[in-house]
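Here is how the chains run, residue by residue.
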Amino acid sequence: MTESRRKLILSYYVSIDGRSVDAANGMRGVMESIDDVAQEEEYVRQLWEAGAFLMGRASYDAMKGFWPAAEHPSAAPMNAIPKVVFSRTLDAVDEWGEASIAAGDLAEEIARLKAEPGKDLFAIAGDSFQRALIAAGVVDEYRLWVLPAAAGTGTALFPEQDAPVRLRLVQSTPYPSGVLELRYVPA
């Protein structure tokens, strides 16, 4: 019997035109204004499935000041589940629950984490970090939470490349608010 490897799941909120959620393009306000209990419960349920949250240094710095004091439904899993911070500049990450630093080559660090026992890995934040994961070809599943609004501006999820990134849809779930969860795997 072979051991199963952990998957790397990229979970990302995106506008209907494929742009990141940030304050500059107004999509953060759209995301925060949506009141959809079913979608929120499913998102939180999925967060609890993570063995670790992966993020870049900038996202870690922003989140460690927010989640510990937050009363949002996502706060409990965000605070309880271990974090792996990808950074070559941080010396320590001891301010927000269980956290560790991955400072080596991105693909090698991801391969090491996938080989460890445990639940799947979730990349949850940071446009630059998530684009680096995509460019390295290490994402096993994309969970795109499509918001019912077009941004027009902002960072595209996929970096520019020479060839299309081919994906296969494995699940789609609409929610009453118009949010659509799309799950893709590499084709």
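Quick notes on the rules
- Residues numbered from 1 in each chain as written.
- Predicted model: local features only at pLDDT ≥ 70, side-chain atom pairs only at ≥ 80, totals over all residues.
- Heavy atoms only, no water.
- Phe/Tyr/Trp six-rings, centres within 6.5 Å; stacked < 30°, edge-to-face > 60°.
- Helix = DSSP H or I, 4+ residues; strand = E, 2+ residues; numbered from the N terminus.
- Buried < 20%, exposed > 50% of the residue type's maximum accessible area, 1.4 Å probe, protein only.
- Lys NZ or Arg CZ within 6 Å of the ring centre and 35° of its normal.
- Core = buried A, V, L, I, M, F, W, Y, C linked by side-chain atoms within 4.5 Å.
- Contact = heavy atoms within 4.5 Å.
- Pairing = 2+ DSSP bridges.

An account of the packing of aromatic side chains is needed here, citing residue identities and associated values.
Counted according to the given criterion, the structure contains 8 aromatic pairs. Centroid distance Tyr 60 to Trp 96: 5.8 Å. Interplanar angle 35°. Geometry classified as tilted. A residue pair is termed long-range when its members are at least 10 positions apart, and Tyr 60 in helix α3 (residues 57-64) and Trp 96 in the loop between β3 (83-86) and β4 (99-102) qualify at 36 residues. Look at Tyr 60 and you get buried, because its relative accessible area is 1%. In this structure an aromatic cluster arises from ring pairing among Tyr 13, Tyr 43, Trp 145 and Tyr 175. The aromatic ring of Trp 96 is capped on one face by Lys 83, whose charged end is 4.3 Å from the ring centroid.

Tell me about the nonpolar core, and name the residues and values.
Among the nonpolar cores identified, the biggest contains 28 residues, and Phe 53, Met 55, Met 63, Trp 67, Met 78, Trp 96 and Ile 124 are the most heavily contacted of them. Residue assignment for this core shows that the elements contributing at least two residues are β1 (8-14), α2 (37-48), β2 (52-56), α3 and α4 (75-80). With residues up to four places along the chain from it excluded, the contact list for Met 78 reads Leu 47, Phe 53, Met 63, Trp 67, Lys 83, Trp 96 and Ile 124. Core analysis: the second largest hydrophobic core is formed by 25 residues, Val 84, Leu 106, Val 138 and Tyr 142 among them.

Help me get a handle on the pairing of strand β6 (residues 141-146), residues and values and all.
Of all 6 residues that make up β6, 6 are buried, and the element is covered over most of its length. Here β6 shows no split at all, with Glu 141, Arg 143 and Trp 145 on one side and Tyr 142, Leu 144 and Val 146 on the other all buried. Of the pairings in the sheet, the one linking β1 to β6 comprises 6 bridges and is parallel in character. The partner of Val 14 across the bridge, within β6, is Val 146.

Explain the environment of Ser 15 residue by residue, including any values.
Mapped onto the elements of the fold, Ser 15 is located in the loop between β1 and α1 (27-33). On a C-alpha basis, the gap between Ser 15 and Met 31 in space is 9.3 Å, while along the polypeptide they are 16 residues apart. Ignoring anything within four residues of it in the chain, the contact list for Ser 15 reads Met 27, Val 146, Leu 147, Ala 149, Ala 150 and Ala 151.

Go over the pairing of strand β8 (residues 180-186) with me, naming the residues and quoting the values.
Among the 7 residues of β8, 5 are classified as buried, and the element is accordingly described as predominantly covered. Pairing geometry for β6 and β8, over 5 bridges, is antiparallel. Looking at the pairing, Tyr 142 lines up with Tyr 184 of β8. Note that strand β7 (residues 167-174) and β8 share 7 bridges and pair antiparallel. Its bridge partner being in β8, Leu 167 is matched across the sheet by Pro 186. Taking the residues between adjacent antiparallel strands as the criterion, β7 and β8 are bridged by 5 residues, where Gly 178 takes a positive phi near 100°.

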